[in-house]
Amino acid sequence: MNTLTVFLLLCAVVVTKVQANIPKSKFNPELKNVWDKCTKEAKLTEAELDIVLENYSKITDQRVKCLKGCLFKSLHVINIDNKVNETAAEKYYEGVTTKKETINEAIQKCIPKATGNDHCDIAQNFESCLCSEYIKCS
């Protein structure tokens, strides 16, 4: 397994744990570093993180968008040019149950909607597209 695959799988676990509201202390140390880096970059307090953990996909506050953007950048779902990397997105969402189509088809349909001024908006718009029609989000 290559390094990118291992990293993507580990980060997918982070998001799953975030959505399941598992305390940060239970994170794999490597994943905790990514999470801590991104929460610090997004300037979210511990109290705000508790709210975010309960409503991760529903909050559109700029700092939460930037948390998503940082996670997606760290996982290479969003590349250096602020474009969604289809292969990395497919690995990130691998195993996610979809409402209609396969996750790969959903990703292809949502990539054109992944627009914005920065990685924060791009991550939010991409995930909003997926959550609105294709996958169940918390």
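The preceding data block contains the structure.
Residues numbered from 1 in each chain as written. Predicted model: local features only at pLDDT ≥ 70, side-chain atom pairs only at ≥ 80, totals over all residues. Heavy atoms only, no water.

Asks: Explain the nonpolar core to me, and be specific about the residues and the numbers.
Replies: Membership of the largest hydrophobic core comes to 22 residues, with the highest contact counts inside it found for Phe72, Val77, Tyr93, Phe126 and Leu130. If we skip the residues at most four places from it in the chain, phenylalanine 72 touches Val77, Ile78, Tyr92, Tyr93, Ala123, Phe126 and Glu127. Formed by 12 residues, the second largest nonpolar core is a distinct cluster that contains Val34, Cys38, Leu53 and Cys70. (Core = buried A, V, L, I, M, F, W, Y, C linked by side-chain atoms within 4.5 Å. Buried < 20%, exposed > 50% of the residue type's maximum accessible area, 1.4 Å probe, protein only. Contact = heavy atoms within 4.5 Å.)

Asks: Just give me the short version of helix 4 (residues 62–74), but keep the residues and values in it.
Replies: Structural remark: α-helix, 3.6 residues per turn; residues separated by three or four positions point the same way. Given a rise of 1.5 Å per residue, 13 residues ought to cover 18 Å, and the 18 Å separating the end C-alpha atoms of helix 4 matches this to within 8%. Across the 13 residues of helix 4, 10 count as buried, placing the element largely inside the fold. (Helix = DSSP H or I, 4+ residues; strand = E, 2+ residues; numbered from the N terminus. Expected span 1.5 Å × (residues − 1).)

Asks: Describe the packing of helix 4 against helix 7 (residues 119–134), naming the residues involved and giving the relevant values.
Replies: Viewed as axis vectors pointing N to C, helix 4 and helix 7 meet at an angle of 90°, and their least axial separation amounts to 7 Å. The angle between helix 4 and helix 7 falls in the class roughly perpendicular. Listed contacts from helix 7 to Gln62, Lys65, Cys66, Lys68, Gly69, Cys70, Phe72 and Lys73 of helix 4 are His119, Cys120, Asp121, Ala123, Gln124, Phe126 and Glu127. (Axes fitted to C-alpha atoms, helices over the stretch in contact; angles between N-to-C directions. Parallel < 35°, antiparallel > 145°, perpendicular 65-115°, else oblique.)

Asks: Any details on the packing of aromatic side chains? Residues and values, ideally.
Replies: Within the structure shown, the criterion is met by 5 aromatic pairs. Taken together, a centroid distance of 5.1 Å and an interplanar angle of 75° make the contact between phenylalanine 72 and tyrosine 92 edge-to-face. Of this pair, phenylalanine 72 sits in helix 4 while tyrosine 92 sits in helix 5 (residues 86–92), and the two are 20 residues apart along the sequence. As far as burial versus exposure is concerned, phenylalanine 72 and tyrosine 92 are alike and both buried. (Phe/Tyr/Trp six-rings, centres within 6.5 Å; stacked < 30°, edge-to-face > 60°.)

Asks: Tell me about the state of the cysteines, and please be specific about residues and values.
Replies: If you walk through the whole model with that rule in mind, you get 3 disulfides. The side chain of cysteine 38 participates in a disulfide bridge whose partner is cysteine 70; the two sulfur atoms lie 2.1 Å from each other. The chirality of the disulfide connecting cysteine 38 with cysteine 70 is left-handed, given an S-S dihedral of about -70°. In this pair, cysteine 38 is assigned in helix 2 (residues 29–42) and cysteine 70 in helix 4, connecting sequence segments 32 residues apart. Under the relative-accessibility criterion, cysteine 38 is labelled buried at 0%. Here cysteine 66 engages in a disulfide with cysteine 120; their sulfurs sit 2.1 Å apart. Its S-S torsion of about 100° marks the bond between cysteine 66 and cysteine 120 as right-handed, since a negative value means left-handed. On the criterion of sequence distance, the pair formed by cysteine 66 in helix 4 and cysteine 120 in helix 7 is long-range, its members being 54 residues apart. Owing to a relative accessible area of 2%, cysteine 120 belongs among the buried residues under this scheme. (Disulfide = S-S within 2.5 Å.)

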